Amino acid sequence: DTSDFKDADFAQTVISAAEEIQRSEELSLAQHVARRKLVLELLEVLLRRYREVGDNEDHYLEKTVHSVLCPTNVSATDPSKLTSRRHDLWVVDERLTFSRAFASDKRIDSILADNASALRPDLIVWDLAYGLATIGEGFEGEPDTSRSINEMLVVELKKPMRTGYGKFEDNIEQQVLKYITQLKRGEIEGFERDRVRVNDECIFHCFVVADIVGDLRQQLSSWTKTPDGQGRYRIIEGDHRGSITVVQWNDLVNDAWLRNQATLNAAGLRRSPKLISEMQEKLKRLADG
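Keep in mind that what you see is a predicted model, and the values were worked out from it rather than measured.

Reading guide: rules and limits
- Residues numbered from 1 in each chain as written.
- Predicted model: local features only at pLDDT ≥ 70, side-chain atom pairs only at ≥ 80, totals over all residues.
- Heavy atoms only, no water.
- Buried < 20%, exposed > 50% of the residue type's maximum accessible area, 1.4 Å probe, protein only.
- Helix = DSSP H or I, 4+ residues; strand = E, 2+ residues; numbered from the N terminus.
- Pairing = 2+ DSSP bridges.

A. Examining the pairing of strand 3 (residues 123-126) more closely. Residues Leu 123 and Val 125 line one face of strand 3 and the alternating positions Ile 124 and Trp 126 line the opposite face, and both faces are buried. Here three bridges tie strand 2 (residues 102-104) to strand 3, and the two strands are oriented antiparallel to one another. Within strand 3, the residue paired with Phe 102 across the bridge is Val 125. Relative to strand 4 (residues 149-157), strand 3 is paired through four bridges, and the arrangement is antiparallel. Within strand 4, the residue paired with Val 125 across the bridge is Leu 153.

B. Structural view of the environment of Pro 71. Position of Pro 71 relative to the elements: it lies in the loop between helix 2 (59-69) and strand 1 (74-75). Using a relative accessible area of 21% as the deciding quantity, one classes Pro 71 as partly exposed. Linking Pro 71 and Asp 88, residues 17 residues apart in sequence, is a C-alpha distance of 9.2 Å.

C. Structural context of the pairing of strand 9 (residues 241-247). The buried count for strand 9 comes to five of seven residues, which makes it a mostly enclosed element. Two strands pair when backbone bridges link them, and strand 6 (residues 195-209) and strand 9 are joined in this way by seven bridges, in the parallel orientation. Each residue of the ladder has a partner; that of Cys 206, found in strand 9, is Ile 244. The pairing of strand 8 (residues 232-236) with strand 9 spans five bridges and is classified as antiparallel. From the neighbouring strand, Ile 236 faces strand 9, where its bridge partner is Gly 242. Counted between consecutive antiparallel strands, the loop separating strand 8 from strand 9 contains four residues, among which Gly 238 sits at a positive phi close to 90°.

D. Structural context of the environment of Ala 113. Relative to the assigned elements, Ala 113 resides in the loop between helix 3 (108-111) and strand 3. Separated by 73 residues in the primary sequence, Ala 113 and Gly 186 place their C-alpha atoms 7.0 Å from one another.

In structure tokens, the structure reads:
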């Protein structure tokens, strides 16, 4: 009988329940955001280290930066690599947060059926819906593999502070177009071993993360500037459809910080220059032996 409840008691019960829910949500949020904070701080440390060594060869650092964003030498459709699907590609694009349909540092001939290309893009993401969704997860029933892939995302990671792009094969636009040519009309093996065709009219969203210095500055001199004036942008014309956007490393990380600022504040976390400096010193000591 609701008449047995006093209005004040009922109100207090509702308030207490709401507070408990809020505490639980705050804990989950803190765990989620703490991981993101650590990833961004680690990337900042690595980028600072790059600026110390300049354009010297440092394959260890180059591979490490890639590994922070996404495991290397992994195709998400490989059942033996299921434990390696975790990634932090949200740094590149928030729409990639839950993506499981990707290949990282894999030769194209290992991704596409009946293809002999030895080209090795840093990252390819595909789907059956928007090019950035998850294949085989989050669907009611089995995904419709009769539908071709209409959009794909290709990411190429260039070594921070790299200045030499003088060789013909170092032309960013031509490199990306080679990837697209190989991917079009190919068939990707899905999670259930079904083959999914890449549409000939597939739209390719291509991102190149690189510092626009040295030869690259001249190479991109005729490209359109991005709205912030720091990156470069070009529409792909002719036989292919899509675009290529060049984003500088610092801008990539700073933009990710800005996107996550509200949730960082909500979780009571702050960007920590002191922690970044401590991590930087540890990395330097490891590199110096």
